[in-house]
Structure formats: C-alpha cells, structure tokens
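Inside the fold
Spelled out from the first residue to the last, the chains are:
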Amino acid sequence: MWWDERVSARFRRNLQPTLTYWSVFFSFGLCIAFLGPTLLDLRCQTQSSLSQITWVFFSQQFCLLLGSCLGGVFKRTLAQSLFALFASSLAISLVFAIIPLCHNVVVLAVVMAVAGLAMGCIDTISNMQLVKIYQKDSAIFLQALHFFVGFGALLSPLIADPFLSDTNCILSNSTANASSNLPHIRKSLVPHHPGNLSHYDLPMKGMVVTRVSYAFWIMALINLPVPIAVFFLLYKERMVPCFNSSSRPLLSADELAMETRPTEKDDLSAAVQRPHAAGGHDDLFSCCQSKNFRGASYTYFAVHITGALVLFMTDGIVGEYSGFIYSYAVEEPLSVVHKVAGYLPSLFWGFITLGRLISIPVSYRMKPATMVFINVVGVLITFLLLLIFSYSVVFLFVGTASLGLFLSSTFPSMLAYTEDILQYKGCATTVLVTGAGIGEMVLQLLVGSIIHDQGSYSFLVCGMIFGGLAFTFYAFLLFFHRMYPKPSSDMDDASPDKPAVMDDTGQYQR
C-alpha cells in the first residue's frame, strides 16, 4: 500500500466512522449542485418569475452559511455529533422528496433553507470529526472527504438531465418564442443577483408540463442509505436511546491519553491543560467567547484569520468561476456557441473531482503547507495566462481544467495545515468552514455586480485579484506560523506516544 502500516491500521480501526463521514459528505455534494439545472423546471412548478425563483439560491446559500456556524454546537459529545449528522442527512432525503410537492416559491425557498442548514451542519461536523480521529494524519482523509462532495456534485446534474424540459414547461401562446432562450437561461442560472435575468421573458401562466419530480425522487432514494449508515454507527456505539440511554463524550486525544494512562506522563497532563484545549473545535459563537482568549498570543488569532481569508478567496473563486464561466464564454470577444460553452462548468467541476482523487495519495507524500502553496501559485498563474490568452477559446478550456485541478485540494490541505499549526486546540475547523462559506456567497454577488456594470472581461480581472489576495494571505499565514509558539519540550517528547494511544484505544472503541 502507498501509505505506511501505522496509518493503514488506524484507518481499519476507524473504518466504519470514516466511511460514514465520507458518505454524509456525498449527501452534501448531491444537494449542492442540483439546483442550477433544475431551477427552470422548478420555476414552472411554482409558476413564478425568474427573479423570484433565483432567490431560492440565496435561501440555500445563506442557511448553509448559518448551518456551518452552528455546526460546532453538536461537537460536545459523539452522540450529539452523530445525531446531528443523522438528522441532517435524513433532512436532505426528505427535502428531495418534498420539493416536487412545493407549488409555491416561498414554500420552496423555506424547504431549500432547511437543506442549507443541513448541509452547513454536515460540512462543519464531518470535517471536525475526521480531524479529531486522525489529527496529524488527517490530511489524506480530508482529501478523500472532499472527493465525495465533488462526486455527489457531478452525479446530481446527471440524474436530473434526462428529466429536464427541452422546451418551456409552461405551455402558453408565447411558448414558442420563449423556448429559444431556454438553453442560454438554464446555463446562466447561478446563485447571484436575480435581477441579472429579468430581461428574459418566459410565460408564468398556463399548463405545467415537467417531469423533474422523478429526478428528485430518484435522488431521495439514492441518498437514503446515508442516514441509514449514520444510524448503524449510532447503533454500534450503543447511542440509540432504546438500546442505551447513556452517551459517551467525544474526548480529545490528550484527554484519551490521560484517561487510559493515568499513572504515566503526569508532567504531560499538566502541559496539555492549556487555555485552548477545552475550547477547541467549538461552534463559531463559543469560539468568540472571551474565556477562550485568555493567555492567547496575537499569532493564535492571526493563524485563524489568515487561514480563513485564504479559503474566503479560494472558495469564492470556485463559486464565482463555476457560476459565471458560461456567461463569460458566450459574450464577446470569445462568443462561444452556447452548447459548447455549456461544457465549461462541467469541465471545471470534473477536474475539481479528479484533482481531489489525485490528492488522496499525493497528500500522504507531500506536506499540507506545500500543497496549499502549489495551489495558490497555480491559481494565480492560471488566471494570468487566461488574461494573456483571453481571445483563445482553446486556452479557455485548458485554463478551466487547470484551475479546477489547483483549486481542488485547497480546502482540505488548508484545514489540515492550520489545525496542525494550532496543535488541534483552536477553532480552526469552524472558522475556516465559515470563512469559506462567506467567501463563496459574497464573491459571487460581488462578481455578478461587477460583470453587469463593467462587462465580461472583468470576470478574469476579478479572478486574478482574488488569486493574488489568496497568495498574499497565505504568505502572511506562513509568517505567523513561524512566529507561533512551538510546543514545549514535554509535549515534543510525548507527541510520538499520542498517535499510539489513539491507535490502542481509538475514540470509537468501547
């Protein structure tokens, strides 16, 4: 095997929880990508205008961000974390099943808001639990986790595509004229300001003819094994109330070491009881409490902030590039044929998924800091070349694939790197997930407004600026890493024992 026996043994020991968290992230990916291609059929189902239906995007994105902030609330015990994941993954299946029954756009927005909350909880909790299980070995498992969200994001549009309407799905006198705009509108529907689509005229009254309901019911069935897998993990841990009413706290590695070896390393037990040990991996609001700041150096805050800003930029680039690359390609000077331009978002997400798959073995051989450096430099160079060859359609496709590869592993690598700097005692997971979510929402809105006012060329200029800012913030993170206090000699001496303790006990063994 391309990893050593220690990591392999650790993976086998935590096989069921690891596979469960990976499957839950598949639910996340399945839910995040279906809305764009199906939105026109949902507009017909709710008989709403384009401006009204595109606000469904906002309800999902805003509640996803809110769910990411609140996800850390459920980390306090293993039972809370698993019950939150069970409820969230089950909610996504229920959302898929309920969407065909939503004939009012407000009801649809509320349902999508519930899906957003569930997705946010999944995002925070799954990342957090894998970091807690594997700690310094977490990079490779985080890469695999984010491969599954890419796989789900690729699968849901493929499921929906056979059931999408080829012509306008509301039959009226103006149907023939409106249907000619349908492919362009479908590719242009992205989570940005709904006013950008107000100039398209589609009928709102008439007979509704859409088969998209079947796509949602199929996705509900495909996702149903995920909450079942979480339930089996709860059952295995005897946390289902009818089998065992007690739940065991989810202990940190240091607490496990002290619990299982009380007579050894007494000096270590004093060393690990530091101000941030108890406050690590909290929800965003708990992280901001003043009690967690006592005795913290300025570099403690700087590492959190600069790490979040890097992901604010890179995840924002993912959102704005996937959302606007089609609109950029069909406009002058490229004027790509609509059908050809429609392959660009799929190419982008395909190479993100491929990059995450490649990053699984690469992350075992390469440090997370090195991977993030390659990623941000690659993004910057790709945007520079896209600007230089802005009149080349061929290079637009090459640059899109390259950008997907470089952006693919940025989030899991940055999470592993930042948690490692903080010795798994900060609020890095919660802060980074929240920062990434804010960036994805804000930069889409910002770029949509700029393109509307300044023209399509500003799309690449914005990407270049965001890439430059991501590189700058990463340089600051490297600087603060060098300034961050190193662990004491006692901790250094004990650190080789810590993974062994986790291997011997395992936080999922009873």
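The structure displayed is predicted, hence computed values, not measured ones.

Here we take up the overall build of the chain. Each helix and strand counted, the chain has 25 helices and two strands in total. Of all 510 residues assigned to the chain, the portion counted as buried reaches 57%. Restricting the contact set of the chain to residue pairs at least 6 apart, pairs at least 24 apart contribute 84%. As displayed, the chain offers around 20700 Å² of accessible surface, 66% of which is attributable to carbon and sulfur atoms.

Another aspect to go through is the pattern of salt bridges. In a structure, side chains of opposite charge can pair up when their charged atoms sit close to one another. Applying the stated criterion across every chain, the model contains two salt bridges. With a closest N to O distance of 2.8 Å, Asp-137 and Arg-10 form a salt bridge. You can see Asp-137 sitting in the loop between helix H7 (105-134) and helix H8 (138-160) and its partner Arg-10 sitting in helix H1 (residues 5-13), a full 127 residues away along the chain. Classification of Asp-137 as buried rests on a relative accessible area of 14%.

The next subject is the side chain of Thr-124. Structurally, the position occupied by Thr-124 is in helix H7. Thr-124 gets classed as buried once you look at its relative accessible area, which sits at 0%.

Moving on: the packing of aromatic side chains. This model, assessed by the stated rule, comprises 27 aromatic pairs. On the numbers, 6.2 Å between centres and 75° between planes, the contact of Phe-348 with Trp-349 is edge-to-face. Judged by relative accessible area, Phe-348 falls into the buried class, the value being 0%. Taken together, the ring pairs connect Phe-11, Trp-22, Phe-26, Tyr-134, Phe-141, Phe-147, Phe-148 and Phe-151 into an aromatic cluster.

Cut-offs applied
- Residues numbered from 1 in each chain as written.
- Predicted model: local features only at pLDDT ≥ 70, side-chain atom pairs only at ≥ 80, totals over all residues.
- Heavy atoms only, no water.
- Helix = DSSP H or I, 4+ residues; strand = E, 2+ residues; numbered from the N terminus.
- Buried < 20%, exposed > 50% of the residue type's maximum accessible area, 1.4 Å probe, protein only.
- Contact = heavy atoms within 4.5 Å.
- Areas by Shrake-Rupley, 256 points an atom, 1.4 Å probe, with all protein chains shown as cover.
- Salt bridge = Lys/Arg side-chain N within 4 Å of Asp/Glu carboxyl O.
- Phe/Tyr/Trp six-rings, centres within 6.5 Å; stacked < 30°, edge-to-face > 60°.

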